Amino acid sequence: MGACTKEFITKPIQPGTESDASFRKTADGLLYTVNAAYWPLSGNYWIQYYINRLVLGNFRSDDAQAGGEDENDDFQAQAINDFNIFSTNSPNTDFWRICFVGIHYANAVIESAPTALSAAKTEGVARINKYVGEAKCLRAYWYFELVRNYGDLPLLLNATSQTLLPRSNKMLVYDQMEKDLIEASEALPAANNLAMAEKGRMTSGAAMSLLAKVYIYRASLEPDKAETYFRLAYETAKEVIDSRQFSLLPRYDTNWKLIGDYSSEGIIEGGQPAINNADNGYGPIYTAPRYYYSGIKTPGGLNIKGSASAYGWGFNCPTQDFVDAFEPGDPRLYWTVFVQGDSCNVGVSNKSTMQMICFDHSTTGYYLRKNVPDGFPKTTDAIMNVKYYRYSDLLLIGAEAANEIDNSTDALAWLELVRDRARNTPAAPNHEADKVANVPVVITTTNKDALRLIIQNERRIELGLEDNRVYDLLRWDGKNGFSFKSVVETAQSKIGPNYQIDSDEKSGTPRKSRIVVVEPKHKLMPIPDSEVRTSGNTLSQNEGY
Amino acid sequence: MKKRFFKRLVAAYLLMSFIVLGAVAQVTVKGTIKENSGAPLIGATVMIKGTVIGTVSDLEGKYILMNVPEGKALVVYSMIGYKTITQEIDGNATIDIKMEEDVQSLDELVVVGYGTVKKNDLTGSITTVSTKDLKNTSILSADQAIQGRATGVLVVNNSGAPGSPVSIKIRGIGSFGNTDPLYIVDGMPVKDASFGKDDNPSGINYLNPNDIESIQVLKDASSAAIYGTRGANGVILITTKRGKSGKMRVDIDNYLGVQSLARNVDVLDAQQYAQLYNEVKIDNLFDSSGIPGLNTTNWINEITRKAIVYNNQVSISGGSSETNYFLSVNNYNQQGIVKGSGYNRQSIRLNTDSQVNKWLKTGVSFTLVQSLRDRQTEGGNGVIMQALKSDPTMAVYDSTDNWSYLSRTGGNPVGQVERNNYSYKTTRMQGSIYAEIEFIKNLKYKLNTGLDRSFGKKTDFQPAFFIAGPESSPNNTLYEGQDSWNNWLMEHTLSYSFTKDKHRLDLLTGYTAQFERKESYTMGAYLPTADPDMRYFSNVKVITDILQLNGEALEWALISQLGRLNYAYDDKYLLTASIRRDGSSRFGGNRKYGVFPSWSAAWKISNEEFFKNIDFLSVINSMKVRFGWGKVGNQNIDAYAYLGSVSNRPDPGRLALATYFGLPKAAAPVYVDKTLSNSDVGWETSISKNLGLDMSFLKNKLTMTIDLYDKRTNDLLMTKPLPMYFSRLDYLFGNARVNLGNLNNKGYEYAVSYKNYESDFGYEISGNFARNFNKMLALDGGQPPLSGTTVVKENIPLGTFYGYKTEGIFQDQNDIDNHAYQVLKTAPGDIKFKDMNKDGKIDDQDQTYIGNAFPGFVYGFTFNVSYKGFDLNIFTQGVQGNQIYNQLRQTGLYNLTLNSNASADLLNYWGRPQADGTNITNTNIPRLGKDWNRNMRFSDYYLEDGSYFRIKTITLGYTLKETFVQRLKMSNLRIYVTAQNLFTFTKYTGFDPEIGQSNGWNSSPLDFGVDGGAYPQARMFMGGLSLSF
């Protein structure tokens, strides 16, 4: 009876579910696990990596204010914009968690691979080795996201251990990233050799490009070894450039159109479905303008017939300071920022129509156009991939590193690649008048300091509101007279254009100046409070939080 | 014709099961049995003691016993509800008997787990609701029978929609998971509560309430511990009617009623809406000269109706002293007051018991129920909310007789109601059979085995439609799903009773096994047609048209050993002790088995000599104190919570996880950790103590029961957050379930009843009252499930609402400047929030505890009056001291921008220009316009007192005089009228203050008391007729 009883009350697994123990012993299981390490990149409903990355990367910079419906809308994101940051802040907590999701599944692949390999046949061995390469590249990607925000980290390299870890010195994290990326670049195919069906997976070019970025960050962290790391960054960037795995698209704006997905310019992209579904598409909604008007708008702007409808959530509003950074006539301004008079293609029903944008809710008077140049996606529309790392970023890293090691020839050549493409990008019809011949101008100076400033500004323009700005500012902070604090405080206090208030309510107030105070502690984000508590204080908190 | 058919049916049945008796006849005993009043008593049993010779009295109360062996014998006259009489005879005799009604009912048997016990001998805390309590009222569902009648049981209708499940909580909340009690119907544990909540709910509302003989609620652990891991939420035992020895009896009961919306919520009419709109918005949409002529559509009136309810019940019952039978057929139909909703149920039941021979008794309980429920959408996106918010200036239909397009508010509610075809059909078979063998006197073995099968089918069909503007669907859409449950039970019990001198001992031991499996699937697709009759999956293009396709299976099993001892000495001292050991498939390897002991004792003080000798105590007829202690478990945990698993679809309600690669882009499956293994996960344990006092006074006319209890629940099932860097994703999935923390429920219950039927004017008043105090004692780092509105914190009760406190309305800029900073654009007329932490600004740190969703006390009163043929029953119930979060108001009706219709309260908004040139300032309604200040944030502004007192039913009946009825060849004829939900006294401003637990996926007891637009309760008037032959 005893044995029979035991069997009766043992239900090994729910029919149709896989047990975790057996799943990761096959090549397919590892494929589905490495897919999970990519998964946050897709901006899925479950895991809003894209949005939280944007909050951390832009709202602390001089480029953007939080925006939204009002100052209470997503107030945790507003708090980051206000530098009113606590360790309980939710975008910060989510960001930390999401990056570790990527690390966990990358670790699961790397950890399970030896067992899977021992049982695999030849074809399986090749597959598994490739998945391990992808996993190493992804592990480095996620650690890089973390290390530049938090500094020292618990360096977790397996998926099963539950032993509490203290934070390791960030240099050890950098060492691990370099090791992973070098191994990954050896295991992975070149981007231009990737089968069409594999587009979006990590490549040797992606691993090398990330490595170049890792080196240039490290150059700022270790001033006495700066030259070494600038040289490594330069050499690695040059290797990528010479490998011709990537090339710039002929037009700047193509990057934010569907035809720009998985293009020659994309180094790391977050794949989005061909047909939009309920679990994707949150990214574009987050930054799209808040309201639009249909119907007729009279010149006075106040007698609008037809009412405003909610549209996007209107976060991530470009600052006046950012707009001012463009050379007059640079076509990239049009493709980056919505200004008064711009309209927007709205795909509400079966017909898309151009609609007036209401700037009433923008705290700066501007909205971000990247993500929505093709119109707001309908539920059945495809939405474009999220571009996390573009080739122009790598070119500018190469240029910056080259300038630092006194190689102005390569610096100017790579900078010119980026600016030439911008110059040849058409401005939109109604902005044709803005366009000025030979803008952006061809840079010829070989003065190291002057060229550094030009490259720094070029990064800001070319990669405008692509969620990397704050890390560049922090990288440059305290060097060559550059101050993160003053750059951010100045930019955030600039009042944007006080456009005619477009509102259907009989109330409304003009824009006001914002005062933010940046403290030294803000160079790092706080370790999430729950993380410190659940680890029983094994994890230490960053200074000042 | 019908009657003859039944007679034949029964005759045939009886022929099959009768044991033909040997016949050695000598003398005859006959006579007439009458009630005290002189009326003949029909169906009383007459038996010769110690033999199987017996009969029942006929329509005129006459009986005749032939074949009585010669010599001295004892004749026993008995009937339920009357005092048993024993008469000695010797030879032929004619004995006329008057039987006295037994109003004391202290000798009645109470069903306890795996047995029965005399009410007088109870040692635990058990509340009984019997047919007698319900006799003269019309109960629409089984769970309704408990509301207000069972002390200490909180019964709340989650919705007024016909056929919707209720939430039942016994002595507070002892878990964050499922808090439904265990239901046992005729010994068969019904479908598991943790398996499905939405359409095919667990619980007892599938039962035909007319079949219920009694309901026992086992409240304390000493009573429930015999149910081990399933007893922690209390146990509800239902016994259905069985035949009584005697002449065949046919009972017919029919009623017919009409229902209407009990209470409405005032919204703006067209003139008011247009006026306010123009006052607030720039675009002056409404031409002011045209406003007086606007036609108003009251959308709630358009989607509701007067609805019919009816019930037809026929039952036949009877039996000999060897075999009895009960057969019933029922048809119940209730239209919903919201158009397109309704519920109907057909059921058949057959219960039999046969004394096959001296040592073998066997019986069957079988029921087949079929129900169909049509639903409309409820809650925030439901049609009721939609109707309240819809534009009152628009007509229902446009000039082409199509649904008009509501350009401002969208979604024509009448169109929604008319298009919606959501139905759920169930077929349920439940049967059990038992055999009881008496080996030697009082040593009995019983085998009880049963099967509960349920099949449900969901159909959600939306035909193609067209409304001007964006609202149209060119295709039919169909979702269909099926689920099936299979639940079987096998129980072996052995019992022995022993009486010697003043000692009485009952022993019970048993071995039981139960297994349950659920399978379900749902699919949905666009149908490539606009033909509204095309309601089947055909011509579906597999890739592009399929909207949903998923299925699952779950199973669990339980094996148990149990034992119980009852000992009584001298009818003064009683002791009960029980133990159960459960082995469950749901728990981890280290906690597969649990042992649940209990004991209780009682002292019948009134049976002590000294008590009888004290004069002033003579007014007390009986007095008993009880004390019990026990340990019970709650196994309501996911069936596979202890296992580590990975899944492509951790949440069946959402899409399969995917990331996208390649050109063209293709979905690549993503598998994540769904559950993490934990071999230590087990049941929640609750340990409770109960102290009770039962007394009766004044010749047992006045009875009362008081109970005090203290229940502590340990090992609550929660997730314990580990650092996120281990990738414990969050509460959605990937967290291991652990047993942590503890909470406490304590309280008292009081029930009192006074009956007097000594004269023609009989009456009875009974009332009950219960108060529960809940407190979260320790979380131990555990993470309870998140709730949108209430918080779980140590040292506060569960169900505590958490939000801002308000302090009125800002009157001017000065007022704003002197108050803590709210937002940049705060203006006069905005709501003032309280700065709880006094830091000079209002932010989320200022949220605090602002109310509780659970009532402080729950009560019910019943009044029964009878005079000659008339009977009047008034049943009232209520709750006191809880708050309701009026989300209807917060997210719907206090729409300050007037983008949709709003509550009539808004007419009085702050700053509204008056005819005399002044503006309204003395108001609690904020200014209208864009809500920069977030006046809508969750605050005590939207909490309302949820106390209510309700006259739930009033029934007036008249039973025709026997003489008249007998001329019609009937034994009884009663006509009655009933009003339900006649009056509700409450301050609550929504449709109804009875707000339960939202019923969605993942519904938790922490989401209680939120009125998000639930289906309103109906007021009902009905008339009925019951007759017996």
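Description of the structure in this document. All of these numbers come straight from a predicted model, not from anything done at the bench. (Residues numbered from 1 in each chain as written. Chains lettered and ligands numbered in written order. Predicted model: local features only at pLDDT ≥ 70, side-chain atom pairs only at ≥ 80, totals over all residues. Heavy atoms only, no water.)

### Here we look at the overall build of chain A
Okay, so step 1: Scanning chain A from terminus to terminus reveals 19 helices and eleven strands.
Okay, so step 2: In chain A, buried positions account for 62% of the 545 residues.
Okay, so step 3: In chain A, the proportion of contacts linking residues at least 24 apart, taken out of those at least 6 apart, comes to 73%.
Okay, so step 4: Of the roughly 19800 Å² of accessible surface on chain A, a fraction of 54% belongs to carbon and sulfur atoms. (Helix = DSSP H or I, 4+ residues; strand = E, 2+ residues; numbered from the N terminus. Buried < 20%, exposed > 50% of the residue type's maximum accessible area, 1.4 Å probe, protein only. Contact = heavy atoms within 4.5 Å. Areas by Shrake-Rupley, 256 points an atom, 1.4 Å probe, with all protein chains shown as cover.)

### What about the pattern of salt bridges?
All names here are of chain A.
Okay, so step 1: Evaluated as defined, the whole model comprises 86 salt bridges over all chains.
Okay, so step 2: Salt-bridge contacts for Arg-53 lead to Asp-467; the nearest nitrogen and oxygen are separated by 3.3 Å. Residue Arg-53 is located in helix α4 (residues 49-58), and its partner Asp-467 is located in the loop between α16 (448-462) and α17 (469-476); the two are separated by 414 residues in the primary sequence. Here Arg-53 matches Asp-467 in class, with each residue buried.
Okay, so step 3: Across the pair Lys-485 and Glu-489 runs a salt bridge, and its minimum N-O distance is 2.9 Å. Taken together, the positions of Lys-485 and Glu-489, both in helix α18 (residues 484-493) and four residues apart, correspond to about one turn of that helix.
Okay, so step 4: What makes Glu-489 partly exposed here is its relative accessible area of 21%.
Okay, so step 5: Connected via shared salt-bridge partners are Glu-265, Glu-327, Asp-330, Arg-332, Lys-370, Arg-390, Arg-419, Arg-421, Glu-458, Glu-462 and Glu-466. (Salt bridge = Lys/Arg side-chain N within 4 Å of Asp/Glu carboxyl O.)

### Observations regarding unusual backbone geometry
Most peptide bonds adopt trans geometry, and most residues besides glycine take a negative phi value.
Okay, so step 1: With an omega of 0 degrees, the peptide bond between A:Val439 and A:Pro440 qualifies as cis.
Okay, so step 2: Residue position: A:Pro440 is located in the loop between α15 (408-423) and α16.
Okay, so step 3: Here B:Leu663 and B:Pro664 are connected by a cis peptide whose omega angle stands at -5 degrees.
Okay, so step 4: You can see B:Pro664 is positioned in the loop between β34 (658-661) and β35 (666-669).

### Section: helix α14 (residues 391-404) of chain A
Okay, so step 1: In this model, α14(A) (14 residues) spans 20 Å end to end at C-alpha, consistent with the 20 Å of a helix rising 1.5 Å per residue.
Okay, so step 2: A large share of α14(A) lies buried, amounting to 14 of its 14 residues. (Expected span 1.5 Å × (residues − 1).)

### A few points about the sheet that holds strand β14 (residues 182-185) of chain B
Residues and elements named next belong to chain B.
Okay, so step 1: Read across the open sheet, the five strands follow the order β11-β16-β17-β14-β15; overall the sheet is mixed. Since the sheet does not close on itself, it has two edges, and those belong to β11 (126-130) and β15 (188-189), each with one partner.
Okay, so step 2: Bridge count between β11 and strand β16 (residues 212-218): five bridges; the pairing is antiparallel. The residue of β16 that forms the bridge with Val-129 is Ile-215. (Pairing = 2+ DSSP bridges.)

### Comments concerning the interface of chain B and chain A
Okay, so step 1: At the interface, 74 residues of chain B touch 82 residues of chain A.
Okay, so step 2: In terms of surface lost to chain A, no three residues of chain B exceed B:Lys665, B:Met724 and B:Tyr725, which account for 12% of the buried area on that side.
Okay, so step 3: Applying the counting rule to chain B against chain A returns two salt bridges.
Okay, so step 4: One salt bridge connects B:Asp673 with A:Arg24, and the closest N-O pair in it is separated by 2.9 Å.
Okay, so step 5: Counting residues per element, the ones that place at least two in the side of chain B that touches chain A are α4 (270-280), β28 (503-527), β29 (546-569), β30 (573-584), β33 (645-647), β34, β35 and β36 (672-675) of chain B. (Buried area = accessible area lost by both parts, 1.4 Å probe.)

### Some remarks on the sheet that holds strand β5 (residues 72-78) of chain B
Backbone-to-backbone hydrogen bonds join strands into a sheet, with any given pair of strands oriented parallel or antiparallel.
All names here are of chain B.
Okay, so step 1: Spatially, the four strands line up as an open sheet ordered β3-β2-β5-β6, and their pairing is antiparallel. Both edges of this open sheet fall to β3 (54-56) and β6 (85-90), since each of them pairs with a single strand only. Across the sheet, the mean angle from the axis of one strand to that of its neighbour is 20 degrees, orientation sign disregarded.
Okay, so step 2: Here three bridges tie strand β2 (residues 45-48) to β3, and the two strands are oriented antiparallel to one another. Among the inter-strand pairings, Met-47 is bridged to a residue of β3, identified as Gly-54. (Axes fitted to C-alpha atoms, helices over the stretch in contact; angles between N-to-C directions.)

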